[in-house]
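# Secondary and tertiary structure notes
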Amino acid sequence: MATNPILTCAVRLFDDSKLDLSNLFFLFTRSYEPSCQTPKNPLTQKPLKPFMRIAMYYSNDDVRLEEMEIPQIGSREILVKVIASGICGSDVMEWYRIRKAPLVLGHEITGEIIEVGNKVKKYKKGDRVFVSHHVPCNTCRYCINDHHTACETLHKTNYDPGGFAEFIRVPQINVDGGVFLLPGQISFDEGTFIEPLACVARGLRLANMKSGLSVLVIGSGISGLLHIQLAKALGADRIIATDINEYRLRLAKKLGADETIQAKENVPVEVRKLNGGRPSDLVIVCTGALPAALQAIKSIDRGGTILFFAVPEPGVNVPVPMNELWRNEITLMTSYGASPKDIQTAIELISSRKINVKDMITHKFGLKDTGKGFKIVSDAKESIKVIIEPQR
Ligand SMILES: [Zn+2]
Ligand SMILES: [Zn+2]
């Protein structure tokens, strides 16, 4: 559909006079085609810049629908129309997000390339893609030693303005190392799991997950459920999952946990009962709640590994009985984010159907209801994955 310059001009002029024409704007941005000639204001003859809708994050219960100019791309950049954008558990970690607010969050996106800079050769208009917000430099000592997620570049990179927007500008470094074509069998919705699953694949890879191990997953939200499924696919012997939420415990079972424990119970004792009298070989902490970290330390077998996939917020310290851990050769480790290699693994796991992500989608909203989505995710009642569709 071509942009209608007359409609566009009218919209822009009316907007200048502060009339509420959000619906017309909506029509306009929906019909935006970057290859069209930019329409001009008939009075000033200045080019009119097209606008798009974004969801601006101020806090967990204050996410507003706002507008901004559609970002202009450079010759080595691309513009992606965001079709699906997942709300991540980390998006509602208020202590982590609020210090940078207001900002446009969203880093689990899939979409379609609608504009390509003239020096970009790898991608073309119409490609269905997943775009990684963080990309490593691949040259520093951390990248060379497979700690890509500790790379300074990775922490600084991002797309513009964020996934809860109609369009994103993908900077050159992300185009070079963070754009992945979506295989035909992965839907846009399923593709929003690529980033979270990649983080999980990384965690289990670093923790040397192998067949025959008994696994305890503490916290059965999205990341816990993905850990359960992947541990199962990798041949875990017995998987036990915990949560305080019964809805999540039921899902944990459906997605592969052999046993579940209500987290308010005495978890270390229950684990032994369900695991042939001994603690677990691998404990994965998927919630930042302090009791979870304490339960983990008491539920690990000799020679085992505790993976802190989620950690308590800054200032909350976990008391660690070092002497006890030392005698039993227990490894405490963390994992953060995902590298391009992990993203590739996640794409393969989803497209081969080894991991069922479809059944984890519980809600879908248009962009204007992003705030509602945030509330549902932070309440963590009967929801798992909440997807925002910025085009509606
Ligand atoms: Zn995420
Ligand atoms: Zn690096």
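Residues numbered from 1 in each chain as written. Chains lettered and ligands numbered in written order. Predicted model: local features only at pLDDT ≥ 70, side-chain atom pairs only at ≥ 80, totals over all residues.

## What about helix H15 (residues 370-379)?
One turn of an α-helix holds 3.6 residues; hence residues three or four places apart share an orientation. If you check which residues of H15 are buried, you get Thr370, Gly373, Phe374 and Val377. End-on view of H15: buried residues confined to an arc of 100 degrees, all on one side of the axis. Buried residues belonging to H15 abut strand E1 (51-59), strand E2 (62-69), strand E14 (361-366) and strand E15 (385-389). Immediately downstream of H15, the backbone of Ala380 shows phi near 50 degrees, a positive value. (Buried ≥ 20, exposed ≤ 12 C-beta atoms within 10 Å, placed from the backbone. Helix = DSSP H or I, 4+ residues; strand = E, 2+ residues; numbered from the N terminus. Arc of directions from axis to C-beta. Contact = placed C-beta atoms within 7 Å.)

## What to know about the nonpolar core
Core analysis: the largest hydrophobic core is formed by 102 residues, its most contacted members being Val80, Leu197, Ile284 and Val285. In terms of residues, this core owes the most to one element, helix H8 (residues 194-206), which gives seven residues. Looking at this core, you find at least three residues from each of domain 2 (70-197 + 340-389) and domain 3 (208-334). (Core = buried A, V, L, I, M, F, W, Y, C linked by C-beta atoms within 7 Å. Domains from an automatic or database assignment.)

## Section: the sheet that holds strand E10 (residues 259-262)
In spatial order, the strands read E10-E9-E8-E11-E12-E13; together these six strands make up an open sheet with parallel pairing. Strand pairing shows two members of the sheet lacking a second neighbour, E10 and strand E13 (331-334), which therefore form its edges. Taken pair by pair, the neighbouring strands of this sheet meet at an average axis angle of 20 degrees, ignoring direction. Where strand E8 (residues 214-218) and strand E9 (residues 238-243) come together, five bridges link them in parallel fashion. Bridge pairing in E9 links Leu216 to Ile240. Here helix H9 (residues 222-233) sits on the sheet and contacts E8, E9 and strand E11 (280-285); the angle it forms with E9, its principal contact strand, is near 175 degrees. (Pairing = 2+ DSSP bridges. Axes fitted to C-alpha atoms, helices over the stretch in contact; angles between N-to-C directions.)

## Considering the pairing of E14
As judged from the five bridges shared by E14 and E15, these two strands associate in the parallel manner. The residue bridging His363 from the neighbouring strand is Val386, located in E15. In this fold, the crossover linking E14 to E15 by way of H15 has right-handed handedness. (Right-handed = clockwise from strand over helix to strand, strands pointing away.)

## As for the pairing of E1
With seven of nine residues buried, E1 is to be regarded as a mostly interior element. Summarising the sheet, E1 and E2 pair through eight bridges and their orientation is antiparallel. Residue Arg53 lies in a different strand from E2, and its bridge partner there is Glu67. With antiparallel pairing between neighbouring strands as the criterion, E1 and E2 make up a hairpin whose turn holds two residues.

## Remarks on the packing of H8 against helix H14 (residues 340-351)
Contact pair H8 / H14: the axes reach a minimum separation of 8 Å and the direction vectors enclose 110 degrees. The orientation of H8 relative to H14 falls into the category roughly perpendicular. You can see that H8 and H14 cross each other, and the crossing is right-handed. Of the residues in H14, those touching H8 at Ile194, Leu197, Ala198, Ala201 and Arg202 are Asp342, Ile343, Thr345, Ala346, Ile347, Leu349 and Ile350. (Parallel < 35°, antiparallel > 145°, perpendicular 65-115°, else oblique. Left-handed = near helix turned anticlockwise from the far one by under 90°.)

## Some details on the confidence of the model for the protein chain
Predicted confidence across the protein chain gives a mean pLDDT of 91, with 89% of residues reaching 70 or more. Predicted confidence is poor over residues 1-31, with pLDDT under 50, and the contacts of this stretch with residues over four places away or in other chains come to 36 contacts. (pLDDT = per-residue confidence, 0-100.)

## Overview of the packing of H8 against H9
Direction vectors running N to C along H8 and H9 enclose 55 degrees, while the axes themselves pass 9 Å from each other. Accordingly, the angle class assigned to the pair H8 and H9 is oblique. As for the relative orientation of H8 and H9, their crossing is right-handed in sense. Residues Pro196, Leu197, Val200, Ala201 and Leu204 of H8 form the contact with H9, whose own contacting residues are Ile222, Ser223, Leu226, His227, Leu230 and Ala231. Here the contact of H8 with H9 is built from residues that sort into nine nonpolar, two polar and no charged. (Nonpolar A, V, L, I, M, F, W, Y, C, P; charged D, E, K, R; others polar.)

## Describing the environment of Gln344
Assignment of secondary structure puts Gln344 in helix H14. On the basis of neighbour count, Gln344 is assigned to the partly exposed category, with 15 C-beta atoms found within 10 Å.

## Notes on H8
Here H8 is 13 residues long and its end C-alpha atoms lie 18 Å apart, about the 18 Å a rise of 1.5 Å per residue gives. For H8, a buried count of eleven out of 13 residues is recorded, marking the element as mostly surrounded by other parts of the structure. Residues Ile194, Glu195, Pro196, Leu197, Ala198, Cys199, Val200, Ala201, Arg202, Gly203 and Leu204 constitute the buried set of H8. Of the surrounding secondary structure, the elements contacted by the buried residues of H8 are strand E5 (128-131), helix H7 (188-191), H9, strand E12 (300-308) and H14. Downstream of H8 by a residue or two, Asn208 has a phi angle that is positive, lying close to 55 degrees. (Expected span 1.5 Å × (residues − 1).)

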